[in-house]
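Understanding the architecture of this molecule
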Amino acid sequence: MTKVLVLYYSSYGHIEQMADAVAEGARSAGAEVDIRRVPETAPQAVIEAAHFKTDTAHPVIEGPDALADYDAIIVGAPTRFGRMPSQMASFWDTTGGVWFQGKLVGKVGGAFTSTASQHGGQETTLFSIITNLLHHGMTIVGLDYGFQDQMGVDKLRGGSPYGATTIAGGDGSRQPEAEELAGARYQGKRIAETAAKLSA
């Protein structure tokens, strides 16, 4: 059975919701899926002052060596000034030994994100994640245009050919909409299917 890891960081719960949807999509393709989050590195005073969401059912990843156990890794993180946040970057900065041993070469990867505004750096954030995966030798699967609900200008919507996205609003009040969660499920399914084919 294909093993998929959904690895995420979420401050306010938007990416956590997307991670659950990505995992649901991967499971629909017959994959065994684990959802893990990266460690929080913000000081406690910042967490409390910013009202970060700290209650979650998903455990912290055991460490970088755990990545090698999976056929596919799908990484989700919100944007921080057009790039992945320091919490996610700090985790990937610990993967030098995994990279040196080539443990992720040939595996499948993908990315998903959220931003406060429609043009808040979704694609640059996705690429900041994808760049790490490419350096590890992974094959990238985005949110292809087989998912038509990312198209159109009739409403505010997330979605990018580089990965599933959602828009949180400046105050975080906008939650992922049905089409955005469907996009996350679609991408999770496509990644799991691709991993199954490559590992066969």
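Look a little higher up for the structure.
Residues numbered from 1 in each chain as written. Predicted model: local features only at pLDDT ≥ 70, side-chain atom pairs only at ≥ 80, totals over all residues. Heavy atoms only, no water.

**Examining the overall build of the protein**
In terms of helices and strands, the protein carries six helices and six strands. For the protein, the sequential pattern of α-helices and β-strands runs β-α-β-α-β-α-α-β-α-β-β-α. Since a compact globule built from 200 residues should have a radius of gyration of about 16 Å, the 16 Å found for the protein is in line with a globular shape. Its C-alpha atoms put the protein at 45 × 40 × 30 Å along the principal axes. In the protein, which comprises 200 residues, the share counted as buried stands at 50%. For the protein, contacts bridging at least 24 residues in sequence account for 76% of all contacts bridging at least 6. For the protein, the exposed area adds up to about 9,100 Å²; of that, 54% sits on carbon and sulfur atoms. Taken as two groups, the 16 positive and 22 negative side-chain charges of the protein have centres that lie 3 Å from each other. (Helix = DSSP H or I, 4+ residues; strand = E, 2+ residues; numbered from the N terminus. Rg over C-alpha atoms; globule rule 2.2 N^0.38 Å. Buried < 20%, exposed > 50% of the residue type's maximum accessible area, 1.4 Å probe, protein only. Contact = heavy atoms within 4.5 Å. Areas by Shrake-Rupley, 256 points an atom, 1.4 Å probe, with all protein chains shown as cover. Lys, Arg positive; Asp, Glu negative; His and termini not counted. Charge placed at Lys NZ, Arg CZ, Asp CG, Glu CD.)

**Structural notes on helix H1 (residues 14-28)**
Between its terminal C-alpha atoms H1 stretches 22 Å, which fits the 21 Å expected from 15 residues at 1.5 Å a residue. Looking at H1, one finds that the buried residues are His14, Ile15, Glu16, Met18, Ala19, Ala21, Val22, Ala23, Gly25 and Ala26. Of the surrounding elements, those touching the buried residues of H1 are strand E1 (3-8), strand E2 (32-37), strand E3 (72-78), strand E4 (108-115), strand E6 (164-167) and helix H6 (178-199). (Expected span 1.5 Å × (residues − 1).)

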